[in-house]
Every structure is written in C-alpha cells, then in structure tokens.
Amino acid sequence: MVVLDGKALSTTIKNEIRQEVDQIIAKGDRPPHLAAVLVGNNPASEAYVGNKVRSCEQVGFSSTLVRRPESITEDELLAIVQDLNDDPEIDGFIVQLPLPDHINEEKVTLAINPKKDVDGFHPLNFGRMAQGLPAYLPATPQGVLLLLERNGIETSGQHVVIVGRSNIVGTPLGILLSRKDKMGNATVTMTHSRTRDLAAETRRADILVAAIGIPNFISADMVKEGVVVIDVGINRIADASRKSGSRLVGDVDYDAVAPKAKAITPVPGGVGPMTVTALMLNTLKARRKEIRY
Ligand code: NAD
C-alpha cells in the first residue's frame, strides 16, 4: 500500500514554483500577487486563509489579506471585489467562503473578474473547464489530479466513483476526470445522498474519491481490494487524548480501508496541502496571463 503524501508533493511543487518566481524577479519583473478577502472570524476560514498567506511567502509571491468584520454589507464587499478587479498589481484573488448569511455568495462570485478568479468558481471558468477550454481549474480537483499524475496513477479507462457532488469538489472533479485529457478519460460514476445502494457503487471503483463531509463514512466493506482512495474530507472530531481536545479525520475510515488499498491519501497531509498548492499554480498562471479568454 502506498501512502499518497500530499504534504511532500506540495513541497516539491512549491519549490518548482519558487524557482520560476526567482526567474521572474531576476528579470526585474514583480512577483505574482495574490489577495484574499476574509469576512468574519470563522476558525476554519481563518486557518485556510492563514495557510494560503503562508504558502505565498514560501513560493515568493506577494500577498494581501483584506479582513472585514462579519457586519460588512454586501455592497461594501462588492466594492472591495471591484477594487481588486481594477488593481493592476493584483494578479488573482479569492473571497473565502462561506460568507455571512446576509451576503449573496453567488452575487459576489459573479462580480469577480474571471481573469483574476484563481479559485475557478466563476461560471465562466467552470463552463470553460467543462468544455475543455483553458480556464482556472478549481483548486481541490486540480490538486487531486496532480496527486494522481505525480504518483503515476493512470486515470484512462479506469472506473472512478466519486461520492459527493458539490460545486467545488465532486462535480468539477467528475468533469475533469471524464474529459478527453491526459488526466482524464476515466469512466466516472457520480454518487450522492440520493444514491441507491451506495456500497454497490463504491465497490466497483478502481479509484474512489470521498468528498462527503462525514467522518470515517467509507468503511472497508465499501471498497474492493486494490482500490486507489482519494479522501477529500476534512472533519474535526473530539479526541480527549489530544491537548487540543480534537483531531482531523477524513471521510474514509483510514485504518480499516488502507490495508485493502493499493494507494490512499492520509488526512491530514493528503488532498489538503495539494489544494493550496493548486491555488499557487493558478496565481502563477494569472501572473503569466497564460489563460486567454
Ligand atoms: P458539501 O457539503 O458541499 O457536499 C457534500 C456532498 O456529499 C453532497 O453532494 C451530498 O450529496 C453528499 N452526501 C452527503 N451525505 C451523503 C451520504 N450519506 N451518502 C452519499 N453522499 C452523501 O461538501 P464539500 O464542500 O464538497 O466538502 C466535502 C468534504 O471535503 C468536507 O469534509 C470538506 O471539509 C472537505 N473539503 C476538503 C478540501 C480540501 O482541500 N481537502 C476542500 C474542500 C472541501
């Protein structure tokens, strides 16, 4: 069984990005610049944004964190988005989700200039991705593809079963893996909360992707021998043996499933670090103005 080490791979890829940034700077140009907008004090969002800012430092990008209280109005947030759209020094930016209930997330996402939409959440980027046109790919699915590719795991002709159909993970990943592309050409089965006999579907998977948000949901009897398991889930559960009183687990019961798997991602240290690294790659693409619309 191979542990698909996303932490190590993300360090390798970040070093590659760093080298390219050094070359940009050596030519006298400015480094890529990512901005993040953080509204309120959601601890998970704080941690994600903190990670993104730290990753920018590691790869030599400039970063700007725009922090606003929970009480910000939708119009005020839209004005910040417009300023970032107009700022020639900002290559790409993200608005960390979720936003408070009084702010319409869709409206905010639509306000982001697709050329700066390094999260790949704007419908223009999503549609272009679906059609196989150059686009910013959403970070988590892109991170999963990199993890498969750089570990030499073929997707062509493989049966991939995805559990969870969210717009940021399951659905785009299904599109990418079934596209006619190097890390595509898989036969994809998309499953979700209304799937009848889920275990019958997951047992057919050569590659199983869990993106559900329920701790340890995938059990050993739900996978076949030799499966490749990609666990996207990040769930905090109580653990009295830890100083913090809690720990992170995935959507897969790792200890039970790993012995049956050919390869498996750990949580933490699997898909999570790859997501942030994919965001760095998108920001580098934005700096290069590589994606033309
Ligand atoms: P979501 O809540 O938007 O969607 C969950 C999906 O799971 C839904 O499509 C639903 O149909 C499906 N589902 C729920 N219960 C089910 C059941 N009993 N059987 C089958 N399907 C079921 O989730 P999301 O935003 O895609 O996140 C999923 C998980 O991935 C969460 O734990 C989240 O924290 C994690 N996540 C991790 C990263 C990362 O970088 N590793 C990024 C995004 C999300």
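Residues numbered from 1 in each chain as written. Predicted model: local features only at pLDDT ≥ 70, side-chain atom pairs only at ≥ 80, totals over all residues. Heavy atoms only, no water.

## Considerations on the overall build of the chain
The cut-off we apply is this: Secondary structure follows DSSP: runs of H or I at least 4 residues long count as helices, runs of E at least 2 residues long count as strands, and numbering of each begins at the N terminus. For a compact globule the rule gives 2.2 Å times the number of residues to the power 0.38, and the radius of gyration it is set against comes from C-alpha atoms. Categorising residues by exposure relies on relative accessible area from a 1.4 Å probe, with only protein chains included: less than 20% of the type maximum marks a residue as buried, more than 50% marks it as exposed, and the intermediate range marks it as partly exposed. In what follows, residue pairs with any heavy atoms lying within 4.5 Å of each other are defined as contacts. Computed with the Shrake-Rupley method and a 1.4 Å probe, the accessible areas treat only the protein chains shown as cover for residues. The positive count covers Lys and Arg only, the negative count covers Asp and Glu only, and His and the chain ends enter neither. By convention, charge coordinates are those of NZ in Lys, CZ in Arg, CG in Asp, or CD in Glu.
Counting secondary structure elements, the chain contains 10 helices and 11 strands. A globule of 293 residues ought to have a C-alpha radius of gyration of about 19 Å, and the chain, at 19 Å, matches this closely. Projected onto its principal axes, the C-alpha positions of the chain cover 50 × 40 × 35 Å. Out of the 293 residues in the chain, the part that is buried amounts to 50%. For the chain, restricting intrachain contacts to residue pairs at least 6 apart in sequence, the fraction spanning at least 24 positions comes to 70%. As presented, the chain carries roughly 13800 Å² of accessible surface, and 50% of it is formed by carbon and sulfur atoms. Charge separation in the chain, taken as the distance between the mean sites of 34 positive and 35 negative side-chain charges, equals 4 Å.

## Here we look at the domain arrangement of the chain
Rules: Domain limits in this description derive from either an automatic procedure or a database domain assignment.
With domains assigned, the chain is organised as domain 1 (28-112) and domain 2 (139-272). For domain 1 and domain 2, the distance between their C-alpha centroids amounts to 28 Å.

## Thoughts on the environment of alanine 26
If you trace the backbone, alanine 26 turns up in helix α1 (residues 6-26). Residue classification places alanine 26 among the exposed residues on the basis of a relative accessible area of 68%. Along the chain, alanine 26 and isoleucine 212 lie 186 residues apart, while their C-alpha atoms are 44 Å from each other.

## A short note on the site of the ligand
Short version of the rule: Definition of nearness: a residue and a molecule or strand are near each other if at least one heavy atom of the residue lies within 4 Å of the molecule or strand. Polar contacts, as used here, are pairs of N or O atoms within 3.5 Å; protein pairs need one atom able to donate a hydrogen and one able to accept it. Residues neighboring in sequence count only if both atoms are side-chain atoms.
Residues in close proximity to the ligand total 22 residues, the closest being Arg165, Ser166, Val232, Ile234 and Thr275. One of the backbone N or O atoms of serine 193 is found 3.1 Å from an oxygen atom in the ligand. Between the ligand and valine 232, the relevant distance is 3.3 Å, taken from a nitrogen atom to a main-chain nitrogen or oxygen of the residue. Bound to the protein, the ligand loses 72% of the 860 Å² it would expose on its own. The dominant element in the shell around the ligand, judged by the number of residues it contributes, is helix α10 (residues 271-288), at three residues.

## Section: the pairing of strand β6 (residues 187-191)
Applicable threshold: At least two DSSP bridges between two strands are required for those strands to pair. Handedness of a crossover is defined as follows: with both strands directed away from the viewer, a clockwise route from the first strand across the helix to the second makes it right-handed.
Of the pairings in the sheet, the one linking strand β5 (residues 159-163) to β6 comprises five bridges and is parallel in character. Across the sheet, the residue bridging to valine 161 is threonine 189, located in β6. Following the backbone out of β5, through helix α7 (residues 170-178) and into the adjacent parallel β6, one traces a crossover that is right-handed.

## Section: unusual backbone geometry
Omega for the bond connecting leucine 97 with proline 98 falls within 30 degrees of zero, at 0°, which places this linkage in the cis form. Relative to the helices and strands, proline 98 resides in the loop between β4 (92-95) and α4 (105-111). The amide bond that connects valine 267 to the next residue, proline 268, takes the cis arrangement and shows omega of -5°. Relative to the assigned elements, proline 268 resides in the loop between β11 (261-264) and α10. The backbone phi angle of asparagine 216 is positive, close to 55°, even though this residue is not glycine. Its location among the elements puts asparagine 216 in the loop between β7 (207-210) and β8 (227-231). At lysine 289, a residue that is not glycine, the phi angle is positive and equals roughly 50°. With respect to the helices and strands, the residue lysine 289 is situated in the segment after α10. Judged by relative accessible area, lysine 289 falls into the exposed class, the value being 53%.

## So, α7
If you check which residues of α7 are buried, you get Gly170, Pro172, Leu173, Gly174, Leu176 and Leu177. Turning to α7, the residues buried within the fold contact α5 (123-130), α6 (139-150), β5, β6 and β7.

## Here's the deal with the sheet that holds β4
The strands that make up a sheet are held in pairs by hydrogen bonds between backbone atoms, and each pair lies either parallel or antiparallel. Selection criterion: Here an angle of 0 to 180 degrees is reported between the N-to-C directions of two axes, which are lines fitted to C-alpha atoms, with helices fitted over the stretch in contact.
Spatially, β3-β2-β4 is the arrangement adopted by the three strands of the open sheet, whose pairing is parallel. Two strands close off the open sheet at either side, each with one partner strand: β3 (62-68) and β4. Geometrically, the sheet is characterised by an average inter-axis angle of 15° between neighbouring strands, direction not taken into account. Two elements, strand β2 (residues 33-39) and β4, share four bridges in a ladder whose sense is parallel. Residue alanine 35 lies in a different strand from β4, and its bridge partner there is phenylalanine 93.

## Re the packing of α1 against α6
Defined as follows: In this scheme, roughly parallel covers angles under 35 degrees and roughly antiparallel covers those over 145, while 65 to 115 is roughly perpendicular and the rest are oblique. Under the convention adopted here, Pro, Cys and the residues Ala, Val, Leu, Ile, Met, Phe, Trp and Tyr are nonpolar, Asp, Glu, Lys and Arg are charged, and Gly plus all remaining residues are polar.
Between α1 and α6, the least distance of the axes is 11 Å, while the angle of their chain directions is 95°. Judged by the angle between their axes, α1 and α6 are roughly perpendicular. Where α1 abuts α6, its residues Gly6, Leu9, Thr12, Ile13 and Glu16 lie against Leu146, Leu147 and Arg150. Tallied by class, residues from the contact of α1 with α6 come to four nonpolar, two polar and two charged.

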